[in-house]
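# Commentary on secondary and tertiary structure
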Amino acid sequence: MQKFKLLIIIIALVLITATVRVIFHKDVWNRTEDLLKEKVLSLGATVDTVNLREVTPFDWDVVYSFPPYTMKESIYKTVGYKWDRISETVNEGMDQIVFMKDGKVVCYIYGYPENKGYGLSIRSDQYKDAASMLRAEDDLTFQVERNDGVVYLYN
């Protein structure tokens, strides 16, 4: 009987630990998005242009920007693999941006700039499956604009 009680306690502790990890775990791309947001929002009011590398406090080699309504499968095909917690944009004006390093997602930006406090607009002549794409070696000069408390970066 004692062994059974001990087994129940161990199972309960494992389940509680797993639940806490799921609830409080923040994926690497969410942590890096927080760092990016902090850097963008800290740009001084007199800054008119910025190099994207200066505000991305993480290593990356390619960034994709997906237009509104892009299906998950198209995003997965473009970036080369599936990962959880991806969402499809449901309206115009939403950001859907994926920074990658060595074929892995390192930062994921999703949502309305008004809700995040910043926006990132990537337009390029390099397209892969309807996504705009920039490489780390491209011209990464972005215009900085401020509107109603939101900082926007446009290339």
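### Section: the nonpolar core
Counting 23 residues, the largest nonpolar core has Leu36, Phe99, Leu120 and Leu153 as its most contacted members. For this core, the elements supplying multiple residues, two or more each, are helix H2 (28-41), helix H3 (52-55), strand S3 (95-101), strand S4 (104-111), strand S5 (118-121), strand S8 (141-147) and strand S9 (150-154). If one sorts the elements of this core by residue count, S4 sits on top with 3 residues. Grouped together as the second largest cluster of nonpolar side chains are 14 residues, Phe66, Ile75, Ile86 and Met133 included.

### Some points on the pairing of strand S7 (residues 131-135)
S7 sits mainly inside the fold: 4 of its 5 residues count as buried. The pairing of strand S2 (residues 62-65) with S7 spans 4 bridges and is antiparallel. Residue pairing for S7: Ser65 is matched across the bridge by Ser132.

### Quick word on the confidence of the model for the protein chain
Chain-level pLDDT for the protein chain is 83 on average; 84% of the residues reach the 70-or-more range. Within the protein chain, strand S1 (residues 49-51) carries the highest mean pLDDT (96), whereas strand S6 (residues 127-128) carries the lowest (52). Low pLDDT, under 50, characterises residues 18-25; the stretch is placed with 3 contacts to residues that sit more than four places away or in other chains.

### Notes on the packing of aromatic side chains
Using the criterion set out here, one finds 5 aromatic pairs in the structure. On the basis of an interplanar angle of 85° and a centroid distance of 5.3 Å, the ring pair of Phe58 and Phe99 is categorised as edge-to-face. Taken together, the residues span a long stretch of sequence, with Phe58 in the loop between H3 and S2 and Phe99 in strand S3 at a distance of 41 residues. The burial state of Phe58 is the same as that of Phe99; both residues are buried. The interplanar angle of 20° and the centroid separation of 6.3 Å between the aromatic rings of Tyr108 and Tyr110 together place this pair among those described as stacked. Taking the relative accessible area as the measure of exposure, Tyr108 reaches 6% and is therefore buried. Residue classification places Tyr110 among the partly exposed residues on the basis of a relative accessible area of 29%. Taken together, Phe58, Trp60 and Phe99 form an aromatic cluster joined through their ring pairs. Lys104 extends its terminal NZ or CZ atom over the ring of Tyr81, reaching a point 4.8 Å from the ring centre.

### What to know about the pairing of S5
Burial along S5 is two-sided: Tyr118 and Leu120 facing one way and Gly119 and Ser121 facing the other are all buried. Of the strand pairs in this sheet, S5 and S9 are connected by 4 bridges, and their pairing is parallel. Bridge pairing in S9 links Gly119 to Tyr152.

### Looking at the sheet that holds S9
Read across the open sheet, the 4 strands follow the order S1-S8-S9-S5; overall the sheet is mixed. Only two strands of the sheet have a single partner each, and these edge strands are S1 and S5. On average, each strand axis in the sheet is tilted by 30° relative to the strand beside it, whichever way the strands run. Bridge count for S8 against S9 is 5 bridges, and the pairing is antiparallel. For Arg146, the partnering residue across the bridge sits in S9 and is Val151.

Thresholds, definitions, all that
Residues numbered from 1 in each chain as written. Predicted model: local features only at pLDDT ≥ 70, side-chain atom pairs only at ≥ 80, totals over all residues. Heavy atoms only, no water. Core = buried A, V, L, I, M, F, W, Y, C linked by side-chain atoms within 4.5 Å. Buried < 20%, exposed > 50% of the residue type's maximum accessible area, 1.4 Å probe, protein only. Helix = DSSP H or I, 4+ residues; strand = E, 2+ residues; numbered from the N terminus. Pairing = 2+ DSSP bridges. pLDDT = per-residue confidence, 0-100. Contact = heavy atoms within 4.5 Å. Phe/Tyr/Trp six-rings, centres within 6.5 Å; stacked < 30°, edge-to-face > 60°. Lys NZ or Arg CZ within 6 Å of the ring centre and 35° of its normal. Axes fitted to C-alpha atoms, helices over the stretch in contact; angles between N-to-C directions.

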